[in-house]
Amino acid sequence: MRDICARLGVKDKVTPHDLRRTFCSKVTALGFGRDAMNRVTNHKEGGIADVYDRHRYQEENKKIMETVARHIVAIAEKRSNIIAFI
């Protein structure tokens, strides 16, 4: 993270958790809801629902992650100071 920020000229301290927080904010902002956000980021709320709900949600989680990724990439493509990390 430090190397990436230095290359981008970002002076603020940025952590991997900042990326996680941004992802979570976008999940809910794009209308997927708090349950989806918690599930994709592996947050456990507990309770009886965890006992009864045994569905794995792979396809739903994939859709959420791809949608958020497209949204973030679209924002990044509008900026001129983005560095490709390929």
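Note that the coordinates shown come from a computational prediction; the quantities given were computed from them, not determined experimentally.

Definitions and limits used
Residues numbered from 1 in each chain as written. Predicted model: local features only at pLDDT ≥ 70, side-chain atom pairs only at ≥ 80, totals over all residues. Heavy atoms only, no water. Patch = residues over 30% accessible without salt bridge, like charges linked within 9 Å, V, L, I, M, F, W, Y side chains within 5 Å. Areas by Shrake-Rupley, 256 points an atom, 1.4 Å probe, with all protein chains shown as cover. Salt bridge = Lys/Arg side-chain N within 4 Å of Asp/Glu carboxyl O. Lys, Arg positive; Asp, Glu negative; His and termini not counted. Charge placed at Lys NZ, Arg CZ, Asp CG, Glu CD. Helix = DSSP H or I, 4+ residues; strand = E, 2+ residues; numbered from the N terminus. Axes fitted to C-alpha atoms, helices over the stretch in contact; angles between N-to-C directions. Parallel < 35°, antiparallel > 145°, perpendicular 65-115°, else oblique. Contact = heavy atoms within 4.5 Å. Nonpolar A, V, L, I, M, F, W, Y, C, P; charged D, E, K, R; others polar. Disulfide = S-S within 2.5 Å. Buried < 20%, exposed > 50% of the residue type's maximum accessible area, 1.4 Å probe, protein only.

**Student:** Please explain a negative patch on the surface as it appears in this structure.
**Tutor:** Residues Asp35, Glu45, Asp50 and Asp53 make up a contiguous surface patch of negative charge. Note on placement: aspartate 53 falls in the loop between helix H4 (48-52) and helix H5 (58-77).

**Student:** Would you take a moment to explain the packing of helix H2 (residues 16-29) against H5 for this structure?
**Tutor:** When two helices pack together, their arrangement is captured by the angle between the axes and the distance separating the axes. Two elements in contact, H2 and H5, have axes separated by 10 Å at closest approach and are oriented at 105°. Relative to H5, the element H2 is oriented roughly perpendicular. Contact residues: Thr22, Phe23, Lys26 and Val27 in H2; Ile64, Met65, Val68, His71 and Ile72 in H5. Grouping the amino acids of the contact of H2 with H5 by side-chain chemistry returns six nonpolar, two polar and one charged.

**Student:** Would you mind going over the state of the cysteines with me for this structure?
**Tutor:** Chemically, a disulfide is nothing more than a covalent bond linking the sulfur atoms of two cysteines. Tallied over the entire structure, the rule returns zero disulfides. Here cysteine 5 stays free of any disulfide, with the sulfur of cysteine 24 as its closest cysteine sulfur at 19 Å. Its relative accessible area of 10% is what places cysteine 24 among the buried residues.

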